[in-house]
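Descriptive analysis of the structure
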Amino acid sequence: MFKKVFLFYLSYLVALTYSQTLLMLWFLTNGVSYLQMLFYFLVLYVSVLVTFFLLRNINFSSKFALVFGVTTSALGVLVANFMTQPAHIFITAILFGFNIVFFWTIYNSLHFKYSQSNENGYKSGAYFLFMPIFSAVLAPLAGFVATKLGYHFLFLSGIVLYILPFYFAFHMPKFDFKFNFINSARNMENKLLIAFQGYNEMLSYNIVPIFTLFFINTPGKLGNFFGYLAILSAVTAFLNSKISDKFKNRKLFFYLFISLHSLSYIPLALVNSLAGWRIFAGISNFTFGLANPFNLALAVDHAKGETVDTMLGREIYLNSGRVVMILVALTVFFFSHSLKVALLLSVLASLLYPVVAYFKKVYLK
């Protein structure tokens, strides 16, 4: 059953990666400012938390959730494709928020529900392996398509790719669940650390692409740059998590990789050239690939309740950490009027993640 579930995930990754890789550049082309992009992500992640809270204790079917999650992802791309003014990005943000609530919470539950408990690192490695593999191919392809055929062709052809995961969603294992917001938030282990993971993910997934636009602003070159980043992290996630499961020494890999990843953000806030950005963004992406499987395994290794409740609690604190990161950046920008200063002070906070983990004795007891 795991193979069937994973095939569904892979089909979704293809559609997601191809259609959404160049969204920030598309926004910039349509007059969206860098500051508005930060507010876009703020709306996205706040909408996730609000939706979780409003839907608490309502019964849902896992099939409905996955179908709706895939649909809202495609609709977000469709709205972006037809945007006529910067404010339309916030509609896309809310649709992508629904996608996080319904798709990622339930898919993550399925992924680990059908995994063996002694393979959490291995399965989380497989979880993160194919995104960079697909990005290495699909990001340059998206850049080529946007350059030769235009953004509208890119987005509309990307929406066609959603047909396959939409079909597979109807054939996934079915179970009923509730978004037990209060209980999941209260019972989640390592709450602060999961929030730090969301903080750091915001830097890697969203802030790095925004700041890349300072140096690269054509679709072909941007697609190639994201493909280059993807290659650096493609194999590391799988190999290192597999080693962790084999040697049963999760603590060594956990502390080594999350420390390297937190440190890797600092040079990004200091470079002023494309060459420097290529080097240090590559290093940061490489360490991100090393750390990511262990971040996810942290939640699964310490899970006490049902898988859905664990993944719901994880999403609550991940998105809380993302919101905090944006608020820190916006607050610093308000006083400094400099996005570079906002980035520098924001990345310094990420250094607290391994420190807090050490004092909480994660994997050390």
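Calculation rules
- Positions within a chain are numbered from 1, following the residues in the order the chain's sequence is written.
- Where local features are concerned, this predicted model is filtered to residues with pLDDT of at least 70; where side-chain atom pairs are given and counted, the filter is 80 or more; whole-chain, interface and lining totals use all residues.
- Each side-chain value is worked out from all heavy atoms of the structure, with water and hydrogens disregarded.
- A carboxyl oxygen of Asp or Glu within 4 Å of a side-chain nitrogen of Lys or Arg is what we treat as a salt bridge.
- Put simply, DSSP marks the helices as runs of H or I at least four residues long and the strands as runs of E at least two long, and each gets a number from the N terminus on.
- The cut-offs for exposure are 20% and 50% of the maximum accessible area for each residue type, with area from a 1.4 Å probe on protein chains only; residues under the lower value are buried, those over the upper are exposed, and the others partly exposed.
- Whether two residues are in contact is decided by their heavy atoms: any pair within 4.5 Å suffices.
- A helix is expected to reach a length of 1.5 Å times the quantity of its residues less one.
- Definition of a polar contact: a pair of N or O atoms within 3.5 Å, with one able to donate and the other able to accept a hydrogen when the atoms are protein atoms, and with sequence-neighbouring residues admitted only if both atoms are side-chain atoms.

A word on the pattern of salt bridges
Per the counting criterion, the structure on display carries 2 salt bridges. Measuring nitrogen to oxygen at the nearest pair gives 2.6 Å for the salt bridge that ties Glu201 to Arg322. Placement of the pair is Glu201 in helix α10 (residues 191-212) and Arg322 in helix α15 (residues 307-336), with a sequence separation of 121 residues. A relative accessible area of 5% means that Glu201 is categorised as buried. When the shortest N-O distance is used, the salt bridge between Glu315 and Arg314 registers 4.0 Å. Taken as a pair, Glu315 and Arg314 share a single burial class, namely buried.

A look at the environment of Gly97
Along the chain, Gly97 turns up in helix α5 (residues 89-113). The exposure class assigned to Gly97 is buried, which follows from its relative accessible area of 0%. For the pair Gly97 and Gln197, spaced 100 residues apart in the sequence, the C-alpha separation amounts to 18 Å. When sequence neighbours within four positions are dropped, the list of residues in contact with Gly97 reads Leu44, Ser47 and Val48.

Structural notes on unusual backbone geometry
Not every positive phi belongs to a glycine, and Asn57 is a case in point at roughly 65°. Relative to the assigned elements, Asn57 resides in the loop between α3 (34-54) and β1 (59-61). Backbone geometry at Tyr363 places phi at a positive 65°, although glycine is not the residue there. Here Tyr363 is to be found in the segment after α17 (352-359). On the accessibility criterion, Tyr363 (19% relative accessible area) is buried.

A short note on α15
Helix length check: α15 (30 residues) gives 43 Å between terminal C-alpha atoms against 44 Å at 1.5 Å per residue, within 8%. One or two residues past the end of α15 sits His337, with phi positive at roughly 60°.

Quick word on the side chain of Ser73
Looking at where Ser73 falls in the secondary structure, it is placed in helix α4 (residues 62-81). Taking the relative accessible area as the measure of exposure, Ser73 reaches 0% and is therefore buried. Looking at Ser73, its side chain comes within polar contact range of the side chain of Tyr162, at 2.8 Å. Apart from residues no more than four positions distant in its own chain, Ser73 is found in contact with Tyr12, Leu16, Gln20, Phe96, Asn99 and Tyr162.

Scope: geometric values only; no functional claims are made or implied.
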